[in-house]
Amino acid sequence: MMTKTTRLSGANYLKIFRQKAKAKIFDFLRLPLYFLIALLCILCSPVLAIVPDALNSSSQLVINGVTSTSGLQQGKVLFDAGKFAQAVDVLQQAAQKYKQQGDNLRLATTLSNLSLAYQQLGDWNEAQQAITESLNLLKGQEKNQNLQVFAQSLDIQGRLQLAMGKAESALATWQQTEEIYKKTGNKSSIVRSQINQAQAWRTQGFYRRAVEILKKVNKTLQSQPDSPEKTVGLRSLGDALQVAGDLELSRRALEQSLAIAQRLQSNADIGASLFSLGNNTRNAHTQEQKRQAIAYYQQIEKVSASPLTKIQAKLNYLSLLIEDKQLAQAQTLLPSIQSQLEQLPPSRAAVYARINFAQSLTKFPSRNSDSALILAKAIEQSHSLADKRAEAYALKSLGSLYEETKQWSEAQDLTLKGLFLAQSSNAPEIIYTLEWQLGRLLWAQKDINGAIAAYDTAVKTLQSLRNDLVAVNQDVQLNFRDSVEPVYRESVELLLQSQTEEPDIKILEKARQRIEALQLAELDNFFQEACLQGQKVKLDQVVDQDNPTSAILYPIILPNELQVIVKIPKRPLRHYSTKIRQTEVEKILTALRKSLVNPTAIKAVENQSQQVYNWLLQPIESELQASGVNTLVFVLDGALRNLPMAALYDGKQYLVEKYAIALSVGLQLLDPKPLVQRQLKALTAGLTEPPANYPNYAPLTAIKSEFDGITEAGISTTSLLDGQFTSKKLESEINTVSFNIVHLATHGQFSSLAENTFILAADGPIKVKDFDSFFRSQDKSTVELLVLSACQTAAGDNRAALGLAGASVRAGARSTLASLWQIDDESTALFVTAFYRELQSGKITKAEALHLAQLELLKHPNYKAPSFWSAYVLIGNWL
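Residues numbered from 1 in each chain as written. Predicted model: local features only at pLDDT ≥ 70, side-chain atom pairs only at ≥ 80, totals over all residues. Heavy atoms only, no water.

**What about the overall build of the protein chain?**
Here is step 1 of the chain: Regarding its fold elements, the protein chain presents 36 helices and 13 strands.
Here is step 2 of the chain: Put simply, the protein chain has 879 residues, and 60% of those count as buried.
Here is step 3 of the chain: Looking at the protein chain as shown, the accessible area adds up to about 34,800 Å², and 49% of this sits on carbon and sulfur atoms. (Helix = DSSP H or I, 4+ residues; strand = E, 2+ residues; numbered from the N terminus. Buried < 20%, exposed > 50% of the residue type's maximum accessible area, 1.4 Å probe, protein only. Areas by Shrake-Rupley, 256 points an atom, 1.4 Å probe, with all protein chains shown as cover.)

Now the structure itself:
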């Protein structure tokens, strides 16, 4: 048994693999009967299957433009069947034949297809060599037929460039293919090139540009008559829009694709479009939409002629039933799925379908032995296909079964074998899961240093995947809550547990940085984009030198404890913990949140918030006082984000009575700097009456007095009220005049889902994903302060405050002041007036201005309950 891992390089894995795998790679398949019967459930969710899209050059070999011959055609058949290694062998033989015959056109086509097959196997070097040779053969040939082949080879080169992280080169390549296809009049290929360009723009972080291109594609397709190419183009567009996060526009494109396929009576396209619609609808989260997704999957059984499409749809139907805990109904699907799987010929898609099914079976304890046998079959098939990527994924899944039964050595052996194969096939989305699994196994065996090293590499691999996590191969679907977030949390837990009585400051700093990395990953997942660039921050400089009266606290909720890392000025990092289960923490936090919004529940607030105070602050209260700290900055985690720290109670006083308080989404995202001392100019916008189609929102009758209070405080204001407050007018004003404050008094909602996070304007909602275009101008200075004075977090969503963090970051404002729940609008007017009066004085920070305004409400006889004054939170730059 391996007891220590210090370096997790590919060479080390290979050495370990060779030492431990002298026997045949399938020796582990000789599983004892008792093991097969006793297998426990594994935790990972069933993966989401996907039908390869016929339009995408990455999923089909191209032979258009040349008359196909037996070798090229046979290679295509093998490729389309998911037998990539065999396709390589056949295409190599065909290439050799065409080379001997001097048939450069067929040789170029064969080599480009050979590159595509190598790409599927993750062999970048061979893929690059083949595509380079193909393009060299085609250079300088101007015939229309040759142009078509040249463009197809360029398409394949673009795919390789994107896979190798060269998105800018891929974009240029696909722009070139678009121009060639325009010359040849190939409309469907023009569409493909444009969709590919959108993917390249998106990978580089230009999300708005990507969506603009996709909308242009949609417009092009609308003008075309019905055809198989149009239905495939619309389906490809719908899939791309889904990846871009625009589910509504995606759904419309997919519905059009389905309608055309039905008019053309193309059962293959009907099945594929229904499948994409099912995947789109299941991502929309509501029960009604899940039922619609199931209906789509059930229709596929009736219309599709593809056994693979049928089984993939049924597997997704099964996973939805399991997700909703409808296990009895789910169990009725198992026999037919197992029977259909056995009839599939070996291919990568068939292997992934087996893994998918095995993962679903683990939810049924009586079928665990079947799960192990199915995974063994998946490994056997992938090995016979020479498909290292699929084999690595199957090995990982079987290794996790051994992990559940605490057979550490066997699980570790499988994990290392899978890791070696995944690394050799350039599959980072599988690599990080194996590194994570190895870390868990080493931790379980008390090899702490080895476990830390494994988790470090898993996090590093995850961060390298930032741009690709959303669009990653959906056969290896990554669910953030189950497959990404735990890597960070467990890593922090491991680092902190490794501490001895004498704290290791370097380990604590690594844990702190990892908490910040988790914050960044959560926002990436919220926006479904890697839209934020974090920067390393020297904590000692931020606190000890630049903010010597501020302390920064990082609470993190772990499964069996609540840990806090804290930085107090002129003192080293320290941490402390409370042994308490996560479920108990969340129960108390939920109860406190419910009490806080009730003005009559003051006693309950004090009792419940004192518990939270004891977890977070009681251990360091004396140190805070001795250090002269007057401002507390919290980088909150999980359900803690839904609570205002100002309302924590020490038994005598609320926290707001002792400190100014601010929140941060991480110092790496915003280096705190003081408010520039210049004339404060505010753009104020508000709705006294919500739009007619939003009847559930109450009128905000005190907005005028709220705006008057801002003016009385000496702030220069420009106002948009009611009908004047439209999205276009707001954007125009912000981009015309340099406002350092934007104050929006309107209803809005923060949710853990970006599509449900918005503010209301007179012409409808402004979605959080559009905040950057409203609040960031290329030639105007950054907004210093964004105020959202009448918003609230979504009811029943214990991660809703993530939407507030997302709104703050997306707007690009240095600071955001917002309400966690809706408050009496007269008390809001009093609070706003007091806040701006203090801010205008120019002598205090934004956190201190908030502090004094909250104290003013607390002392008011009508508004002393925490529900009035504690709802306001300041996020971002507290200075």
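There's plenty left to go through after this.
**Concerning the packing of aromatic side chains**
Here is step 1 of the chain: One pass over the structure, following the stated rule, counts 13 aromatic pairs.
Here is step 2 of the chain: Judged by centre distance (5.1 Å) and plane angle (70 degrees), the ring pair of Phe-79 and Phe-84 falls under edge-to-face.
Here is step 3 of the chain: Ring centres of Tyr-694 and Phe-758 lie 6.5 Å apart, and the angle between their planes is 45 degrees; this geometry places the pair in the tilted category. Of the two residues, Tyr-694 is situated in the loop between strand E6 (681-686) and helix H30 (703-712) and Phe-758 in strand E9 (residues 758-761); the sequence distance between them amounts to 64 residues. (Phe/Tyr/Trp six-rings, centres within 6.5 Å; stacked < 30°, edge-to-face > 60°.)

**A look at the pattern of salt bridges**
Here is step 1 of the chain: Overall, the coordinates contain 41 salt bridges when judged by the stated rule.
Here is step 2 of the chain: When the shortest N-O distance is used, the salt bridge between Lys-182 and Glu-179 registers 3.7 Å. Of this pair, Lys-182 and Glu-179 both sit in helix H8 (residues 167-184), three residues apart, which is roughly one turn of that helix.
Here is step 3 of the chain: The salt bridge involving Glu-509 is made with Arg-512; its shortest N-O contact spans 2.8 Å. (Salt bridge = Lys/Arg side-chain N within 4 Å of Asp/Glu carboxyl O.)

**Examining the environment of Ile-448**
Here is step 1 of the chain: Its location among the elements puts Ile-448 in helix H23 (residues 448-464).
Here is step 2 of the chain: The exposure class assigned to Ile-448 is partly exposed, which follows from its relative accessible area of 28%.
Here is step 3 of the chain: Considered as a pair, Ile-448 and Leu-494 are 46 residues apart in the sequence and their alpha carbons are 7.8 Å apart.
Here is step 4 of the chain: If we ignore the near neighbours within four places in the chain, the residues touching Ile-448 are Trp-443, Leu-494 and Ser-498. (Contact = heavy atoms within 4.5 Å.)

**Comments concerning the pairing of strand E11 (residues 785-793)**
Taken residue by residue, a regular strand's side chains alternate between the two faces of the sheet.
Here is step 1 of the chain: Burial analysis of E11 places eight of its nine residues in the buried class, the great majority of the element.
Here is step 2 of the chain: As judged from the eight bridges shared by strand E8 (residues 741-750) and E11, these two strands associate in the parallel manner. Across the sheet, Gly-748 pairs through a bridge with Cys-791, a residue of E11.
Here is step 3 of the chain: Taken together, the four bridges between E11 and strand E12 (residues 815-819) define a ladder with parallel strand orientation. Across the sheet, Leu-788 pairs through a bridge with Ala-818, a residue of E12.
Here is step 4 of the chain: Regarding topology, helix H33 (residues 801-811) serves as the crossover connection from E11 to the parallel E12, and that connection is right-handed. (Pairing = 2+ DSSP bridges. Right-handed = clockwise from strand over helix to strand, strands pointing away.)

**Overview of empty space enclosed by the protein**
Here is step 1 of the chain: In this structure the tally under the stated criterion is five cavities of 30 Å³ or more.
Here is step 2 of the chain: Its boundaries defined by the atoms lining it, the largest cavity holds a volume of some 150 Å³.
Here is step 3 of the chain: Together, 15 residues line the largest cavity, and Arg-641, Leu-663, Val-665, Ala-805 and Ile-875 are the ones closest to its centre.
Here is step 4 of the chain: Of all the elements in the fold, those that place two or more residues in the lining of the largest cavity are helix H25 (505-527) and H33.
Here is step 5 of the chain: The element best represented in the lining of the largest cavity is H33, accounting for four residues.
Here is step 6 of the chain: Residues belonging to the lining of the largest cavity are distributed by class as follows: 11 nonpolar, two polar and two charged. (1 Å grid on protein atoms, 1.4 Å probe; cavity = no way out; pocket = protein on both sides within 12 Å on 5 of 7 lines; lining within 4 Å. Points joined across faces, edges and corners; volume = space filled by probe spheres on them. Nonpolar A, V, L, I, M, F, W, Y, C, P; charged D, E, K, R; others polar.)

**Structural notes on unusual backbone geometry**
Here is step 1 of the chain: Of note in the backbone geometry, Lys-406 takes a positive phi value of approximately 65 degrees without being a glycine.
Here is step 2 of the chain: Within the fold, Lys-406 resides in the loop between helix H20 (388-404) and helix H21 (408-424).
Here is step 3 of the chain: One non-glycine residue, Lys-570, adopts positive backbone phi at about 65 degrees.
Here is step 4 of the chain: Relative to the assigned elements, Lys-570 resides in the loop between strand E2 (561-567) and strand E3 (574-579).
Here is step 5 of the chain: Residue classification places Lys-570 among the exposed residues on the basis of a relative accessible area of 62%.

**As for the side chain of Gln-499**
Here is step 1 of the chain: Relative to the helices and strands, Gln-499 resides in the loop between helix H24 (480-497) and H25.
Here is step 2 of the chain: Looking at Gln-499, its side chain comes within polar contact range of the main-chain nitrogen of Asp-504, at 2.8 Å.
Here is step 3 of the chain: When near neighbours in sequence (up to four residues on either side) are disregarded, Gln-499 contacts Asp-504, Ile-507, Leu-508 and His-575. (Polar contact = N/O pair within 3.5 Å; in protein donor to acceptor, adjacent residues only side chain to side chain.)

**Some remarks on the packing of helix H11 (residues 228-243) against helix H13 (residues 267-282)**
Here is step 1 of the chain: At a minimum axis separation of 10 Å, H11 and H13 run at an interaxial angle of 15 degrees. With respect to H13, the element H11 is oriented roughly parallel. For the pair H11 and H13, the crossing hand works out as left-handed. Together, Thr-231, Val-232, Arg-235, Asp-239 and Gln-242 of H11 and Asp-269, Ala-272, Ser-273, Ser-276, Asn-279 and Asn-280 of H13 make up the contact between the two elements. (Axes fitted to C-alpha atoms, helices over the stretch in contact; angles between N-to-C directions. Parallel < 35°, antiparallel > 145°, perpendicular 65-115°, else oblique. Left-handed = near helix turned anticlockwise from the far one by under 90°.)

**Let's talk about the nonpolar core**
Here is step 1 of the chain: Judged by nonpolar contacts, the single largest core of 222 residues is most densely connected at Leu-616, Leu-617 and Phe-634.
Here is step 2 of the chain: A per-element tally of this core places H25 first, with 10 residues.
Here is step 3 of the chain: Excluding residues within four positions of it along the chain, Leu-617 makes contact with Leu-553, Tyr-576, Leu-624, Leu-632, Phe-634, Leu-648 and Leu-655.
Here is step 4 of the chain: Ranked by size, the runner-up nonpolar core spans 37 residues in total, among them Leu-91, Ala-117, Phe-150 and Leu-154. (Core = buried A, V, L, I, M, F, W, Y, C linked by side-chain atoms within 4.5 Å.)

**Things to note about H23**
Here is step 1 of the chain: The end-to-end C-alpha distance of H23, which contains 17 residues, comes to 24 Å, matching closely the 24 Å that a straight helix rising 1.5 Å per residue would cover.
Here is step 2 of the chain: For H23, every residue scored as buried is listed here: Gly-450, Ala-451, Ile-452, Ala-453, Ala-454, Tyr-455, Ala-458, Val-459, Thr-461 and Leu-462. (Expected span 1.5 Å × (residues − 1).)

**Focus on the confidence of the model for the protein chain**
Here is step 1 of the chain: When the pLDDT values of the protein chain are averaged, the result is 85; 87% of them are 70 or greater.
Here is step 2 of the chain: Here helix H2 (residues 33-38) stands out as the element of the protein chain with the lowest mean pLDDT, 25, in contrast to helix H28 (residues 602-616), whose mean of 97 is the highest.
Here is step 3 of the chain: Considering only residues more than four positions removed or in separate chains, one finds that residues 1-59, a stretch of pLDDT under 50, has 149 contacts.
Here is step 4 of the chain: Contacts of residues 471-477 to residues separated by more than four positions or lying in other chains number 20 contacts, the stretch itself having pLDDT below 50. (pLDDT = per-residue confidence, 0-100.)

**Thoughts on the environment of Leu-234**
Here is step 1 of the chain: Tracing the chain through its elements places Leu-234 in helix H11.
Here is step 2 of the chain: Not counting the four nearest positions on each side in its chain, Leu-234 is found in contact with Asn-218, Leu-221, Gln-222, Ala-253, Leu-254, Gln-256, Ser-257 and Ile-260.

**Describing the pairing of E12**
Here is step 1 of the chain: For E12, a buried count of five out of five residues is recorded, marking the element as mostly surrounded by other parts of the structure.
Here is step 2 of the chain: Judged by which residues are buried, E12 turns out to be covered on both faces: Ser-815, Leu-817 and Ser-819 on one side and Thr-816 and Ala-818 on the other are all buried.
Here is step 3 of the chain: With five bridges connecting them, E12 and strand E13 (residues 872-876) associate as antiparallel partners. The residue bridging Thr-816 from the neighbouring strand is Ile-875, located in E13.

**Here's the deal with the packing of helix H5 (residues 104-120) against helix H6 (residues 124-138)**
Here is step 1 of the chain: The N-to-C vectors of H5 and H6 enclose an angle of 160 degrees; their axes lie 8 Å apart at closest approach. In terms of axis orientation, H5 runs roughly antiparallel to H6. Crossing of H5 against H6: the hand is left-handed. Two secondary-structure elements touch here, H5 through Asn-104, Leu-105, Leu-107, Ala-108, Leu-111, Ser-112, Leu-114, Ser-115, Tyr-118 and Gln-119 and H6 through Trp-124, Glu-126, Ala-127, Ala-130, Ile-131, Glu-133, Ser-134, Leu-137 and Leu-138.
Here is step 2 of the chain: Within the contact of H5 with H6, the residues separate by chemical class into 12 nonpolar, five polar and two charged.

**A look at the side chain of Ser-751**
Here is step 1 of the chain: With respect to the element layout, Ser-751 can be found in the loop between E8 and E9.
Here is step 2 of the chain: A distance of 3.4 Å separates the side chain of Ser-751 from the side chain of Asp-797, its partner in a polar contact.
Here is step 3 of the chain: In contact with Ser-751, not counting residues within four places along its chain, are Phe-526, Asn-756, Thr-757, Ala-794, Asp-797, Ala-800, Leu-802 and Gly-803.

**Structural notes on helix H15 (residues 307-323)**
Here is step 1 of the chain: Helix length check: H15, at 17 residues, gives a terminal C-alpha distance of 24 Å against a target of 24 Å (1.5 Å per residue), a fit within 8%.
Here is step 2 of the chain: Of all 17 residues that make up H15, 13 are buried, and the element is covered over most of its length.
Here is step 3 of the chain: Positive backbone phi, approximately 60 degrees, marks Lys-325, located one or two places after H15.

**A few points about the environment of Leu-857**
Here is step 1 of the chain: Note on placement: Leu-857 falls in helix H35 (residues 846-858).
Here is step 2 of the chain: Between the C-alpha atom of Leu-857 and that of Phe-831, which follows or precedes it by 26 residues, the distance is 6.6 Å.
Here is step 3 of the chain: Those residues within four positions of Leu-857 in sequence are excluded, and the remaining contacts are Ser-827, Leu-830, Phe-831, Tyr-863, Lys-864, Phe-868, Trp-869 and Tyr-872.

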